[in-house]
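# Secondary and tertiary structure notes
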Amino acid sequence: MSVGFLIGGLGGLLLAHAAYATVQYRGMLKIVEEEFSGPPINVVLELILGLAFCMWAALTVPGKFLSILPDSEENRMIQGNCTALLWAASHTLPALSFGILVKEGKLRANV
């Protein structure tokens, strides 16, 4: 288990505890019949710290960022026949009643 997972778990626990503390604080305010103007400062600081931990873990756990190379073979779009797309459109568009018909591989407005 890496350090990133532990820090992310700690961030999640901090966020959950801050939510629990806010609910408890609101319940206490109802008992003493005061108006809720916002959470206490320690809950706000706990939220900020928990969010920072979760964001740090989300950026470090997946691994190293790789650059996107525009001339890579993996990034090329395949130009060719679009019959599968038109077949899917001919089955979904009439069901959604957008007024578009797909016939013989051509889109045409239903007017």
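Residues numbered from 1 in each chain as written. Predicted model: local features only at pLDDT ≥ 70, side-chain atom pairs only at ≥ 80, totals over all residues. Heavy atoms only, no water.

## So, the overall build of the protein
Let me state the cut-off plainly: The helix and strand labels rest on DSSP assignments: H or I over at least four residues marks a helix, E over at least two residues marks a strand, and numbering proceeds from the N terminus. Relative accessible area decides the class of each residue, using a 1.4 Å probe on protein chains only: under 20% of the type maximum gives buried, over 50% gives exposed, and in between gives partly exposed. The contact definition used throughout considers only heavy atoms, calling two residues in contact when any of these lie within 4.5 Å.
Helix and strand counts for the protein stand at 3 helices and 2 strands. Helices and strands in the protein line up, N terminus first, as α-α-α-β-β. Buried positions account for 14% of the 111 residues belonging to the protein. For the protein, contacts bridging at least 24 residues in sequence account for 47% of all contacts bridging at least 6.

## Side note on the side chain of Glu-46
The condition that has to hold: Under this rule, positive means Lys or Arg and negative means Asp or Glu; His and the chain ends count for nothing. Within this document, salt bridges are pairs made up of a side-chain nitrogen of Lys or Arg and a carboxyl oxygen of Asp or Glu, the two lying within 4 Å of each other.
Among the secondary structure elements, Glu-46 is positioned in helix H2 (residues 41–60). Of the side chains bearing the opposite charge, Arg-26 lies closest to the buried Glu-46, which forms no salt bridge; the N-O distance is 16 Å. Look past the residues within four positions of Glu-46 in its chain and what remains in contact with it is Leu-14, His-17 and Ala-18.

## Digging into a nonpolar patch on the surface
Filter applied, for reference: Without a salt bridge and with relative accessible area above 30%, a residue can belong to a patch; like charges are then joined within 9 Å and nonpolar side chains (Val, Leu, Ile, Met, Phe, Trp, Tyr) within 5 Å. Surface accessibility follows the Shrake-Rupley procedure with a 1.4 Å probe radius. Residue values consider only the protein chains on display as shielding.
A cluster of nonpolar residues, Met-28, Ile-31 and Val-32, forms a patch on the protein surface that exposes about 300 Å² of accessible area. Structurally, Met-28 can be placed in helix H1 (residues 3–31).

## Section: the confidence of the model for the protein
Basically, it comes down to this: Each residue carries a pLDDT value, the predictor's own confidence for that position, ranging from 0 to 100.
Per-residue confidence for the protein gives a mean pLDDT of 75; residues scoring 70 or more make up 61%. Element-level pLDDT for the protein is lowest in strand S1 (residues 100–103), with a mean of 45, against a maximum mean of 93 in H2. Predicted confidence for residues 97–104 stays below pLDDT 50, and this span has 18 contacts to residues more than four positions away or in other chains.

## A few points about unusual backbone geometry
Of note in this structure, Glu-33 is not a glycine but carries a positive phi near 60°. On the basis of relative accessible area, Glu-33 is assigned to the exposed category, the value being 72%.

## Quick look at the packing of aromatic side chains
Inclusion rule: Pairing of aromatic rings covers Phe, Tyr and Trp, the last counted by its six-membered ring, and requires centre-to-centre distances within 6.5 Å; plane angles under 30 degrees mean stacked, over 60 mean edge-to-face, and any other angle means tilted. Two thresholds decide whether a charge sits over a ring: the Lys NZ or Arg CZ must be within 6 Å of the ring centre and within 35 degrees of the ring normal.
Per the stated rule, a full pass over the model turns up 1 aromatic pair. When the ring centre of Phe-36 is taken as reference, the NZ or CZ atom of Arg-26 above it lies at 4.8 Å.

## A short note on the environment of Leu-10
Of note, Leu-10 is situated in helix H1. In sequence terms Leu-10 and Ala-57 are 47 residues apart; their C-alpha atoms lie 9.9 Å from each other.

## Looking at the packing of H1 against H2
Our working definition: Orientation is described by lines fitted to C-alpha atoms, with helices fitted over the stretch in contact, and by angles between N-to-C directions that extend from 0 to 180 degrees. Angle categories: roughly parallel below 35 degrees, roughly antiparallel above 145, roughly perpendicular from 65 to 115, and oblique for all the rest. By convention, the crossing between two helices is left-handed when the near helix turns anticlockwise from the far helix through less than a right angle, and right-handed when the turn is clockwise. Side-chain classes are defined by residue name, with Ala, Val, Leu, Ile, Met, Phe, Trp, Tyr, Cys and Pro counting as nonpolar, Asp, Glu, Lys and Arg as charged, and the others, Gly among them, as polar.
In the contact formed by H1 and H2, the axes pass within 8 Å of each other and the chain directions differ by 155°. Considering the angle they form, H1 stands roughly antiparallel to H2. Here H1 and H2 pass one another in a crossing that is left-handed. Here Gly-4, Ile-7, Gly-8, Leu-10, Gly-11, Gly-12, Leu-14, Leu-15, His-17, Ala-18, Ala-21 and Thr-22 of H1 lie close against H2, whose contacting residues are Val-43, Glu-46, Leu-47, Leu-49, Gly-50, Leu-51, Phe-53, Cys-54, Trp-56, Ala-57 and Thr-60. Of the residues that constitute the contact of H1 with H2, the class distribution is 14 nonpolar, 8 polar and 1 charged.

## Concerning H1
Stated formally: Expected helix span is computed as 1.5 Å times (number of residues minus one).
Here H1 spans 42 Å end to end across 29 residues, near enough to the 42 Å set by a 1.5 Å rise per residue. Within H1, the full set of buried residues consists of Gly-4, Gly-11, Leu-14, Ala-18, Ala-21, Thr-22 and Leu-29. In the core, the buried residues of H1 are packed alongside H2. One or two residues past the end of H1 sits Glu-33, with phi positive at roughly 60°.

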